[in-house]
Amino acid sequence: MKLSDYLDIHPDVENAIKNSEPVVALESTIISHGMPYPKNVETALMVEETVRSNKAVPATIAIINGKLKVGLTHDEIEYLATNEEVKKVSRRDLPITVAQKLSGSTTVASTMIIASLAKIAIFATGGIGGVHRGAENTMDISADLEELANTNVCVICAGAKAILDLGLTLEYLETKGVPVIGYKTSELPAFYSSESGFDVDYKIDSAQEIAEILKTKWDLSLDGGVLVTNPIPVAFELETGVMNDAINQAIIEADNNKISGKKITPYLLSKVNEITQGKSLEANIKLIQNNADLAAKIALHYSK
Ligand code: PSU
Ligand code: MN
């Protein structure tokens, strides 16, 4: 089978790609495993609208009945949001899910792979996976980092999720040669809050300049991704101390319940949401919207 037999690109997205119009890829693990229903559907649709309001075309990515879907219908988003059989699919799960004609939501890693197959260079998410706290014992390092090392897609996020070891995540990205850009900030944002105490490599203040850096990197055949970190707007951020307490409590509960592997990230996100009485979910929604907005602006310049 050829590549086009696996891919199913929505006509709006296909047209935009053909005409070199701006397109922003969006992931679907947030929908199926990152947020509760019905906020997950509302957020997925709202984020697509944010991209459209910037005159770019949203392409939410998932696997449905073995097809690599680029651009989803409302019904498909609803399906991903409500069905238990939808698996969280990262790079290692992708061939099995497709060969067995199953359905799955895509993580940052697998969304990057499919975006790149469809020739989409810009992708907005909430927070990437990274090196987990305690990774020196568990070796739990997200496949997202390895994908950023290899695949030519720019990922716009609000930093690595605060449940991770941010210092080690930055070290890993440095080793792999992934540029970490702070949008209008010299400090790595910590997802729910705008500051982490860690510096980013480069502070860049305009979407146009980011688009130029992407072009330059790939013109020079410097393969791999770029990470753009975009701080949550201060009005919506959660206090670092409160968040750290919630995260520490969630990690202890995950340990007690022996949660590991691909279940750990969804578990921690929902625990933190429980502990903060829904505040972390509200912040998560705001930051994703903020990222989609910036991604659309970068895509606009990149398409010129
Ligand atoms: N950020 C969020 N919610 C999420 C995720 C990130 O705000 O649900 C997901 C992304 O899909 C990311 C994944 O790729 O968590 C990382 O999972 P893991 O640590 O198992 O690689
Ligand atoms: Mn992991």
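Residues numbered from 1 in each chain as written. Chains lettered and ligands numbered in written order. Predicted model: local features only at pLDDT ≥ 70, side-chain atom pairs only at ≥ 80, totals over all residues. Heavy atoms only, no water.

Draft legend 1. How the structure looks around the pairing of strand β2 (residues 23-26). Along β2, one buried face is formed by V23 and A25 and the opposite face, lined by V24 and L26, is buried too. Direction of pairing for β2 relative to strand β3 (residues 57-64): parallel, over a ladder of 4 bridges. Residue pairing for β3: V24 is matched across the bridge by P58. Strand direction decides the pairing type here: β2 and strand β7 (residues 122-124), joined by 2 bridges, are parallel. Pairing of L26 across the sheet is with A124, part of β7. (Buried < 20%, exposed > 50% of the residue type's maximum accessible area, 1.4 Å probe, protein only. Helix = DSSP H or I, 4+ residues; strand = E, 2+ residues; numbered from the N terminus. Pairing = 2+ DSSP bridges.)

Draft legend 2. Here's a closer look at the site of ligand 1. Taken together, 16 residues lie near ligand 1, and E27, K88, V108, S142 and D144 sit nearest. Between ligand 1 and the protein, one listed contact pairs an oxygen atom with a side-chain N or O atom of E27 at 2.6 Å. At 2.7 Å from an oxygen atom of ligand 1 is found a side-chain nitrogen or oxygen belonging to D144. Listed by contribution, the elements that provide at least two residues to the shell around ligand 1 are α3 (29-34) and α13 (264-275). Sort the elements by how many residues they give to the shell around ligand 1 and α3 lands first, with 3 residues. (Near = heavy atom within 4 Å. Polar contact = N/O pair within 3.5 Å; in protein donor to acceptor, adjacent residues only side chain to side chain.)

Draft legend 3. Expanded view of the packing of helix α12 (residues 240-256) against α13. Running from N to C, α12 and α13 point in directions that differ by 130°, and their axes come no closer than 9 Å. With respect to α13, the element α12 is oriented oblique. Crossing of α12 over α13 shows right-handed handedness. Residues M243, A246, I247, Q249, A250, I251, E253 and A254 of α12 pack against I264, Y267, L268, K271, V272 and I275 of α13. Residues belonging to the contact of α12 with α13 are distributed by class as follows: 11 nonpolar, 1 polar and 2 charged. (Axes fitted to C-alpha atoms, helices over the stretch in contact; angles between N-to-C directions. Parallel < 35°, antiparallel > 145°, perpendicular 65-115°, else oblique. Left-handed = near helix turned anticlockwise from the far one by under 90°. Contact = heavy atoms within 4.5 Å. Nonpolar A, V, L, I, M, F, W, Y, C, P; charged D, E, K, R; others polar.)

Draft legend 4. Layout of the packing of aromatic side chains. In this structure the tally under the stated criterion is 2 aromatic pairs. When the ring of F191 is compared with that of Y192, the centres are 4.7 Å apart and the planes differ by 70°; the resulting orientation is edge-to-face. Each member of the pair, F191 as well as Y192, carries the same accessibility label: buried. A centroid spacing of 6.1 Å and a plane angle of 85° characterise the contact between W218 and Y302, whose relative ring orientation is edge-to-face. Of this pair, W218 sits in helix α11 (residues 207-219) while Y302 sits in helix α14 (residues 279-302), and the two are 84 residues apart along the sequence. Judged by its relative accessible area of 15%, W218 falls in the buried class. For the cation-ring pair, K215 lies above Y302, with the distance from its terminal atom to the ring centre recorded as 4.5 Å. (Phe/Tyr/Trp six-rings, centres within 6.5 Å; stacked < 30°, edge-to-face > 60°. Lys NZ or Arg CZ within 6 Å of the ring centre and 35° of its normal.)

Draft legend 5. Fine view of the side chain of N40. Considering the arrangement of structural elements, one finds N40 in helix α4 (residues 39-53). Residue N40 is classed as buried on the basis of its relative accessible area, which comes to 2%. Looking at N40, its side chain comes within polar contact range of the main-chain oxygen of M35, at 3.5 Å. The residues contacting N40, other than those within four sequence positions of it, are I30, I31, M35 and A81.

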